[in-house]
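Tertiary structure, described
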Amino acid sequence: MPRTIRDVVFVDGVRTPFGKAGPKGIYHETRADDLVVKAIRELLRRNPDLDPARIDEVAIAATTQIGDQGLTLGRTAGILAGLPQSVPGYSIDRMCAGALTAVTSTAGSIAFGAYDVVVAGGVEHMGRHPMGEGVDPNPRFVSEKLVDESALFMGMTAENLHDRYPQITKLRADEYAVRSQEKAAKAYANGKIQQDLVPVSVRRTDAEAGETGWGLVTADEPMRPGTTLESLAGLKTPFRAHGRVTAGNAAGLNDGATASLLAAEDVARELGLPVKMRLVSYAFAGVEPEVMGYGPIPSTEKALAKAGLSIGDIGLFEINEAFAVQVLAFLDHYGIADDDARVNQYGGAIAYGHPLASSGVRLMTQLARQFEEQREVRYGLTTMCVGFGMGATVIWENPNFDGGNK
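Residues numbered from 1 in each chain as written. Predicted model: local features only at pLDDT ≥ 70, side-chain atom pairs only at ≥ 80, totals over all residues. Heavy atoms only, no water.

Remarks on the overall build of the protein
Within the protein one finds 12 helices and 12 strands. Over its C-alpha atoms the protein spans a radius of gyration of 20 Å, differing by no more than 12% from the 22 Å that the globule rule assigns to 406 residues. Dimensions of the protein, computed from the C-alpha atoms along their principal axes, are close to 60 × 55 × 50 Å. Sequence separation of 24 or more characterises 79% of the internal contacts of the protein that already satisfy a separation of 6 or more. Accessible surface, the protein: about 16,200 Å² in total, of which carbon and sulfur atoms supply 52%. Between the centroid of the 40 positive side chains of the protein and the centroid of its 50 negative side chains there is a distance of 1 Å. (Helix = DSSP H or I, 4+ residues; strand = E, 2+ residues; numbered from the N terminus. Rg over C-alpha atoms; globule rule 2.2 N^0.38 Å. Contact = heavy atoms within 4.5 Å. Areas by Shrake-Rupley, 256 points an atom, 1.4 Å probe, with all protein chains shown as cover. Lys, Arg positive; Asp, Glu negative; His and termini not counted. Charge placed at Lys NZ, Arg CZ, Asp CG, Glu CD.)

Let's talk about the pattern of salt bridges
For the structure shown, the criterion picks out 26 salt bridges. Residue R244 is joined to E159 by a salt bridge in which the shortest nitrogen-to-oxygen separation is 3.2 Å. Of the two residues, R244 sits in the loop between helix 7 (229-233) and strand 8 (254-264) while E159 sits in helix 5 (residues 154-164), which places them 85 residues apart along the sequence. Both residues of the pair, R244 and E159, belong to the buried class. Across the pair D163 and R244 runs a salt bridge whose closest N-O atoms are separated by 2.7 Å. You can see D163 sitting in helix 5 and its partner R244 sitting in the loop between helix 7 and strand 8, a full 81 residues away along the chain. (Salt bridge = Lys/Arg side-chain N within 4 Å of Asp/Glu carboxyl O. Buried < 20%, exposed > 50% of the residue type's maximum accessible area, 1.4 Å probe, protein only.)

Section: the UniProt feature "domain: Thiolase C-terminal" (unreviewed entry) in the protein
Mapped onto this numbering, the UniProt entry gives "domain: Thiolase C-terminal" (unreviewed entry) at residues 275-397. Across residues 275-397, helical content stands at 33% and strand content at 26%; the span's end C-alpha atoms are separated by 11 Å. (UniProt positions renumbered as here; feature names shortened; annotations may be inferred.)

Some points on the packing of aromatic side chains
The tally for this structure, following the rule as stated, stands at six aromatic pairs. Ring geometry for Y282 versus F284: centroids 6.3 Å apart, planes at 70°, classification edge-to-face. For R94, the ring lying beneath its charged end belongs to F284, and the centroid distance is 3.7 Å. The cationic tip of R164 hangs over the ring face of Y294; the distance from NZ or CZ to the ring centre is 5.7 Å. (Phe/Tyr/Trp six-rings, centres within 6.5 Å; stacked < 30°, edge-to-face > 60°. Lys NZ or Arg CZ within 6 Å of the ring centre and 35° of its normal.)

Structural notes on the environment of R140
Within the secondary structure layout, R140 lies in helix 4 (residues 140-143). According to the relative accessible area criterion, R140 is partly exposed, its value standing at 41%. Residues within four places of R140 in sequence aside, it is in contact with K145 and L146.

Quick word on unusual backbone geometry
Note: most peptide bonds trans; most residues except glycine with negative phi. Of note, the phi angle at T72 is positive, near 45°, even though the residue is not glycine. Turning to its location among the elements, T72 is positioned in the loop between strand 3 (55-61) and helix 2 (73-80). Residue classification places T72 among the partly exposed positions, given a relative accessible area of 43%. One non-glycine residue with positive phi stands out, namely K145, at about 55°. By the secondary structure assignment, K145 is in the loop between helix 4 and helix 5.

Some thoughts on the environment of S299
With respect to the helices, strands and loops of the structure, S299 is situated in helix 9 (residues 296-307). Accessibility expressed as a relative area gives 0% for S299, which makes it buried. A C-alpha to C-alpha distance of 26 Å links S299 and A114, two positions 185 residues apart in sequence. Residues within four places of S299 in sequence aside, it is in contact with A283, F284, A285, T383, G391, A392 and T393. Only 3.3 Å separates the side chain of S299 from the backbone oxygen of P296, close enough to count as a polar contact. (Polar contact = N/O pair within 3.5 Å; in protein donor to acceptor, adjacent residues only side chain to side chain.)

A closer look at helix 1 (residues 32-46)
The end-to-end C-alpha distance of helix 1, which contains 15 residues, comes to 22 Å, matching closely the 21 Å that a straight helix rising 1.5 Å per residue would cover. Within the span of helix 1, buried status applies to A32, D33, L35, V36, V37, A39, I40, E42, L43 and L44. (Expected span 1.5 Å × (residues − 1).)

Some remarks on the nonpolar core
Membership of the largest hydrophobic core comes to 76 residues, with the highest contact counts inside it found for I40, I55, M364 and W396. A per-element tally of this core places helix 1 first, with eight residues. Other than its neighbours up to four places away in sequence, I40 contacts V58, A77, G78, A81, L83, V119 and A259. (Core = buried A, V, L, I, M, F, W, Y, C linked by side-chain atoms within 4.5 Å.)

Some details on a nonpolar patch on the surface
Among the surface-exposed residues, V142, L152 and F153 lie close enough to one another that they form a single nonpolar patch of about 240 Å² accessible area. Relative to the assigned elements, V142 resides in helix 4. Exposure remark for V142: the relative accessible area of 36% places this residue in the partly exposed category. (Patch = residues over 30% accessible without salt bridge, like charges linked within 9 Å, V, L, I, M, F, W, Y side chains within 5 Å.)

Details of helix 6 (residues 170-189)
The end-to-end C-alpha distance of helix 6, which contains 20 residues, comes to 29 Å, matching closely the 28 Å that a straight helix rising 1.5 Å per residue would cover. Within helix 6 the residues assigned to the buried category are K170, R172, A173, D174, Y176, A177, V178, S180, Q181, A184, A187 and Y188. Elements in contact with the buried residues of helix 6: helix 5, helix 7, helix 10 (324-333) and helix 11 (349-352). One or two steps after helix 6, the chain reaches G191, where phi turns positive at roughly 70°.

As structure tokens, this is what we get:
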């Protein structure tokens, strides 16, 4: 019996503030699964018309699936968040594109008719679980020259991408990083980010005073709004002597969680849920692992082709800023200026942070907010590079599109 493919919509998205990984970070004494629980509960609070029993799946991504990021996180976080025990869940790993893959995987199931409403998101507590902790890469990767050894170190892959694009200088990367910080500070000042943040109560220990207390986290910790070109110029290049990649023009090591609600469009409207974005197409692509930052270029080409669109049809871009060079390579390929107003209007991961598997949904919540404000824009995309040589792209349609009539 032939099936009708259903339209899939992005109903809502939230995230915790992002923190700096490590002993001095805001989430040092907070569990990873508790961050996910906060995000899921906030989705339910913001959408009281949704009966939790209507949720058909909880898909939660994490890159390092051990400790408090293990144990089939989608299922355990759902139970901890108070969802009915009838709601199943599972975990996903596609490194940086984990949450993005949680969205596309469950969206495909919604389109097929297996699900009506899902929760999809991700978490990374890099302070507790640094990327690569406990893994054992097969020695054949290097001994048989299947990949260059630098593929195992993300910062080195960014230096390799600079080699491939010699016109992308350290100065250009630093200039891009300064703009990201400025745009993020402006977005905060204009109240664009706080609307989708869920405050998190945290336990902190003051090592010097020997005191423990509680606080409420309401803003992203990594942001450096006063960043200048001069302050970036003197930073060390830890991945290569006289290199171009620094802590200033790359995302840091971070902790945080995201969660989103997706639904079939007819179900969302039946339940009175908001329709913030409509899924158009998505694609993943593989590239040489040693230049993984190149990944968004072929994945975007595939997603555009599947949608029957061109890059000129895209009115808003949310590109994850793992490294400035990776965004600039994408822009150069498509002939887009470094400071194009369509790109990362609220700033990106260089400012907010990049807790690996959670970041895809941050891109989506920011794009959804821009769609609400810019009804003249019909299509936008969210894209990111992925460790070990991949790219991921999702194209969205603005349900508020008014045909360009303001």
